[in-house]
Amino acid sequence: MADSEVVLWEADDKSMQMVPRLRRIGVTAGCLGFLGLALWTDSDAVWALYAGAFCLLGEIAYWAWDRRRLVEARIVPGEADGPARLRLRRVGGQITEHDPHHVVRVVLIHDNVHDLARLRLSLHGRQLVFGRPGRPPGLTTWRHTCPKAKVSDRAAQWGMPGIPD
């Protein structure tokens, strides 16, 4: 890391966790195959096959969504004394650079139970970018780095289990 890079967001867990996910997908697919063979004859227990297929599709959809989540946001110096750039790294390894002035909104959602926060980042003309949970960064750094952005934070919408809100 260069001296002039500033870390704006860093998630606690940056891995894709592929081994447990592949294990769950493999076990679900194997059970579906076994149930499909067992239910080849007319049976009233076809709901088990549908439930397993639904579970498999849900796991694949979550994997597709999770690999696009943000794990790191940094401000890096521009090339040839150009303006600084916002570098975003996602779980899947994709790295993109954006102009910090194109950041429209930054929202940090603090968890009530753990000392973590989630990041929601809106870029001009782009979709909302979600960050994996990480340590809550300082809002002043975001305000200084992205002067045109609306920077705010809020508490999560749920309370601690067993304690009334």
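Please read all numbers here as calculations on a predicted model, not as lab measurements. (Residues numbered from 1 in each chain as written. Predicted model: local features only at pLDDT ≥ 70, side-chain atom pairs only at ≥ 80, totals over all residues. Heavy atoms only, no water.)

Before going further, it helps to spend a moment on the overall build of the protein. Along the protein, the regular secondary structure elements total three helices and eight strands. Ordered by position from N to C terminus, the α and β elements of the protein give β-α-α-β-β-β-β-β-β-α-β. Taken over 165 residues, the protein has a buried fraction of 32%. In the protein, of all internal contacts separated by at least 6 residues, the share reaching a separation of at least 24 is 56%. With an accessible surface of roughly 10600 Å², the protein has 59% of that area assigned to carbon and sulfur atoms. (Helix = DSSP H or I, 4+ residues; strand = E, 2+ residues; numbered from the N terminus. Buried < 20%, exposed > 50% of the residue type's maximum accessible area, 1.4 Å probe, protein only. Contact = heavy atoms within 4.5 Å. Areas by Shrake-Rupley, 256 points an atom, 1.4 Å probe, with all protein chains shown as cover.)

The next thing to look at is the pairing of strand β4 (residues 95–98). As a general feature of sheets, a regular strand has side chains that alternate between the two faces. Along β4, the buried face is formed by T96 and H98; none of I95 and E97, which line the opposite face, is buried. Pairing geometry for strand β3 (residues 85–90) and β4, over four bridges, is antiparallel. Within the sheet, the bridge partner assigned to R89 lies in β4 and is I95. Counted along the chain from β3 to the antiparallel partner β4, the turn is four residues long, and its residue G93 has a positive phi close to 100°. (Pairing = 2+ DSSP bridges.)

According to the stated counting rule, one finds three salt bridges in the structure shown. Here E72 makes a salt bridge to R74, at a shortest N to O gap of 3.1 Å. R74 shares its class with E72; the two are buried. We note a salt bridge from E97 to R87, for which the minimum N-O separation is 2.7 Å. With E97 in strand β4 and R87 in strand β3, the pair connects residues that are ten residues apart, well separated along the chain. Overall, R87 belongs to the partly exposed group, its relative accessible area being 28%. (Salt bridge = Lys/Arg side-chain N within 4 Å of Asp/Glu carboxyl O.)

We now examine a positive patch on the surface. A cluster of like positive charges, contributed by R105, R120, K150 and R154, occupies part of the molecular surface. If you trace the backbone, R105 turns up in strand β5 (residues 103–110). (Patch = residues over 30% accessible without salt bridge, like charges linked within 9 Å, V, L, I, M, F, W, Y side chains within 5 Å. Lys, Arg positive; Asp, Glu negative; His and termini not counted. Charge placed at Lys NZ, Arg CZ, Asp CG, Glu CD.)

This paragraph deals with the sheet that holds β5. Judged by pairing direction, the sheet is mixed, and its four strands sit side by side in the order β7-β6-β5-β8 without closing on themselves. The two strands at the open ends of the sheet, each matched to only one other strand, are β7 (128–130) and β8 (150–155). Averaged over neighbouring strand pairs, the angle between their axes works out to 20° when direction is ignored. Bridge count for β5 against β8 is six bridges, and the pairing is parallel. Along β8, the bridge assignment pairs L108 with D153. (Axes fitted to C-alpha atoms, helices over the stretch in contact; angles between N-to-C directions.)

Take the sheet that holds β3 next. The strand order across the open sheet built from four strands is β1-β2-β3-β4, with neighbouring strands paired in antiparallel fashion. For this open sheet the edge positions go to β1 (6–10) and β4, each flanked by a neighbour on one side alone. Between one strand axis and the next, the sheet turns through 20° on average, direction left out of account. Here β1 runs beside strand β2 (residues 70–76); their pairing, made up of four bridges, is antiparallel. Within the sheet, the bridge partner assigned to V7 lies in β2 and is R74.

Once that is clear, we can look at the packing of aromatic side chains. In the structure shown here, the tally under the stated rule is two aromatic pairs. Ring centres of Y62 and W65 lie 5.9 Å apart, and the angle between their planes is 50°; this geometry places the pair in the tilted category. Separated by three residues within a single helix, Y62 and W65 lie in helix α2 (residues 46–66), roughly one turn from each other. Residue classification places W65 among the partly exposed positions, given a relative accessible area of 41%. These aromatic residues form a ring-pair network of at least three members: Y62, W65 and F130. (Phe/Tyr/Trp six-rings, centres within 6.5 Å; stacked < 30°, edge-to-face > 60°.)

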